[in-house]
There are 2 protein chains.
Amino acid sequence: MLGMTLRVFKTRMMTECKKKDIELSLEQFVILNMLNANCDLIQQDLANHLQKDKSIIVRQIDGLIEDQYVVRLTNKEDKRKKNLILTKKGFERLNEMERIASEVSKKLLTGVSDSELEIFKDVLVKIQENGELEEEAI
Amino acid sequence: MLGMTLRVFKTRMMTECKKKDIELSLEQFVILNMLNANCDLIQQDLANHLQKDKSIIVRQIDGLIEDQYVVRLTNKEDKRKKNLILTKKGFERLNEMERIASEVSKKLLTGVSDSELEIFKDVLVKIQENGELEEEAI
DNA sequence: ACATATTGGTTGCACAAGTCAACTAATTCG
DNA sequence: CGAATTAGTTGACTTGTGCAACCAATATGT
């Protein structure tokens, strides 16, 4: 059920994006969101938060840089780290995507009350937390 | 959030399956489930229900046949259609997977009450229904 | 302080999943 | 009958992902 629901949201989002000639993937949208919320994030942080291999992050960021949504700069204090900074273009694209995302969400959540939505989100968070606890146990 | 939660469930499931040398993908598990619930399903039905291209279904079924979990038979009334029948081996594997899935679900849902889980499932269903309604409108 | 371990990033390889288009065979419909 | 539709199959291609090897920079232990 989770998979089908995610697919519904994903395809609806992507068709809306194609209409407006936006070529970003959902994952890249998520990354832009995180970079906007916290500009100190490095690639390893993104990999940890998104629970993906760091190589995937590298390539998705490569794509974002190619489209000039993001700049990659070596951290001055620790030259291993790379800081990721949203460009103006990236910020505008993010706002566009957020508008589309909230429209799509509103449509897909018709008939769902605020309290139900809150519980829904709580359960999603709890599942993720339980998953992380399990990981540590291993 | 949906994506991250699905990933948590998927990876947890797959690591549990690897422990027991089960090589089935989650999608193949879902297909086995559907075939078990309704033995009249043809490949096109699976594609419609899972909202995937029929070519994906063909290949996933090919894999299931290779592992002797399923048999593909031409329908006698309509020779275009192929009936998909679970073998004994497939049925046993399905039961194994279901046991693993319910264990993983139980662990990931600790701290979630029955009523919260009900609402959670309701919202997932509603999102899917809203998605289908939108599609028809197009 | 120096050797070793760890961390962050990058690249190559491999594989599964998904999309798209073309094609065959069987059936339906005008 | 002939055209359109349906079910299935195949091939080429893209994307997402995971794994392993590797380099450079930093941290750690004795």
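Please refer to the structure placed before this passage.
Residues numbered from 1 in each chain as written. Chains lettered and ligands numbered in written order. Predicted model: local features only at pLDDT ≥ 70, side-chain atom pairs only at ≥ 80, totals over all residues. Heavy atoms only, no water.

In this structure, what is going on with the relation of the copies chain B and chain A? I would like to understand it.
The pair of chain copies shares a relation made of a rotation about an axis and a shift along it. Expressed as a screw transformation, the operator carrying chain B onto chain A has a rotation angle of 180° and an axial translation of 0.1 Å, and the superposed copies differ by an RMSD of 0.1 Å. With respect to symmetry, the two chain copies, as superposed, fit the operation of a two-fold axis. Identified as the residue of chain B closest to the rotation axis by C-alpha distance is Phe120(B), at 2.4 Å. The residues that chain B uses at the interface reappear at the interface of chain A in 100% of cases, marking a shared surface. (Least-squares fit on C-alpha atoms with pLDDT ≥ 70 in both. Contact = heavy atoms within 4.5 Å.)

Would you explain the packing of helix H1 (residues 2–19) of chain A against helix H5 (residues 88–108) of chain A in this entry?
Pairs of packed helices are described in terms of their axes, by the angle between the two and the distance that separates them. Residue and element names in this part refer to chain A. Look at H1 against H5: their axes get within 10 Å of each other, and the N-to-C directions meet at 135°. In terms of their interaxial angle, H1 and H5 are classed as oblique. Seen from above, H1 lies across H5 with right-handed handedness. Contact with H1, carried on its side by Val8, Phe9, Arg12, Met13, Glu16 and Cys17, involves Met97, Ile100, Ala101, Val104, Ser105 and Leu108 of H5 and no other residues of that element. Taken together, the residues that form the contact of H1 with H5 break down as 9 nonpolar, 1 polar and 2 charged. (Axes fitted to C-alpha atoms, helices over the stretch in contact; angles between N-to-C directions. Helix = DSSP H or I, 4+ residues; strand = E, 2+ residues; numbered from the N terminus. Parallel < 35°, antiparallel > 145°, perpendicular 65-115°, else oblique. Left-handed = near helix turned anticlockwise from the far one by under 90°. Nonpolar A, V, L, I, M, F, W, Y, C, P; charged D, E, K, R; others polar.)

What is the right way to look at the protein's contact with DNA strand D in this model?
Contacts to DNA strand D come from 23 residues, most closely from Lys52(A), Gln43(B), Gln44(B), Arg59(B) and Arg72(B). Lys52(A) is positioned with one of its side-chain polar atoms (N or O) 2.8 Å from a phosphate oxygen of DNA strand D. A distance of 2.9 Å separates a base oxygen of DNA strand D from a polar side-chain atom of Arg59(A). If you list the elements that add at least two residues to the surface near DNA strand D, you get helix H4 (54–66) of chain A together with helix H3 (43–50) and helix H4 (54–66) of chain B. Grouping the constituent residues of the surface near DNA strand D by class yields 3 nonpolar, 6 polar and 14 charged. (Near = heavy atom within 4 Å. Polar contact = N/O pair within 3.5 Å; in protein donor to acceptor, adjacent residues only side chain to side chain.)

Looking at this structure, how should I read helix H5 (residues 88–108) of chain B?
Because the α-helix completes a turn every 3.6 residues, residues three or four places apart line up on one side. Residues and elements named next belong to chain B. The terminal C-alpha atoms of H5, which comprises 21 residues, lie 30 Å apart, in line with the 30 Å expected from a rise of 1.5 Å per residue. Buried residues of H5: Gly90, Arg93, Leu94, Met97, Ile100, Ala101, Val104 and Leu108, and no others. Each buried residue of H5 sits inside an arc of 135° when the element is viewed along its axis, so together they form one side. Turned more than 90 degrees off the buried face of H5, the exposed positions are Lys88, Arg99 and Lys106. (Expected span 1.5 Å × (residues − 1). Buried < 20%, exposed > 50% of the residue type's maximum accessible area, 1.4 Å probe, protein only. Arc of directions from axis to C-beta.)

Explain the protein's contact with DNA strand C here, please?
The environment of DNA strand C is formed by 23 residues, the closest being Gln43(A), Gln44(A), Lys54(A), Arg59(A) and Lys82(A). Among the atoms of DNA strand C lying within 4 Å of the protein, the sugar-phosphate backbone contributes 61%. One of the side-chain N or O atoms of Arg59(A) is found 2.8 Å from a base nitrogen in DNA strand C. The separation between a base nitrogen of DNA strand C and a polar side-chain atom of Ser55(B) is 3.1 Å. For the surface near DNA strand C, the elements supplying multiple residues, two or more each, are helix H3 (43–50) and H4 of chain A together with H4 of chain B. Residues that form the surface near DNA strand C fall into these classes: 3 nonpolar, 6 polar and 14 charged.

I tried to follow the nonpolar core on my own but got confused; where do I start?
It is characteristic of soluble globular proteins that their nonpolar side chains tend to be buried jointly. The biggest cluster of nonpolar side chains holds 74 residues, and the ones touching the most others in it are Leu46(A), Val70(A), Leu46(B) and Val70(B). If we skip the residues at most four places from it in the chain, Leu46(A) touches Ile31(A), Met34(A), Leu35(A), Leu41(A), Gln51(A), Ile57(A), Ile61(A) and Leu84(A). (Core = buried A, V, L, I, M, F, W, Y, C linked by side-chain atoms within 4.5 Å.)

Teacher, can you tell me more about the interface of chain B and chain A here?
Frequently, the measure chosen for interface size is the accessible area that the parts lose on association. Each partner contributes to the interface: chain B provides 34 residues, whereas chain A provides 34 residues. Carbon and sulfur atoms make up 69% of the surface buried where chain B meets chain A, a total of about 3800 Å² over both sides. Applying the counting criterion to the chain B and chain A interface returns 2 salt bridges. The salt bridge partner of Glu116(A) is Lys126(B), with a shortest N-O separation of 3.8 Å. The tally of links from chain B across to chain A stands at 14 residue pairs in polar contact (both at pLDDT 80 or more). Breaking the side of chain B that touches chain A down by element, the ones donating at least two residues are helix H1 (2–19), H3, H5 and helix H6 (114–137) of chain B. It is H6(B) that contributes the most residues to the side of chain B that touches chain A, 14 residues altogether. By residue class, the composition of the side of chain B that touches chain A is 15 nonpolar, 9 polar and 10 charged. (Buried area = accessible area lost by both parts, 1.4 Å probe. Salt bridge = Lys/Arg side-chain N within 4 Å of Asp/Glu carboxyl O.)

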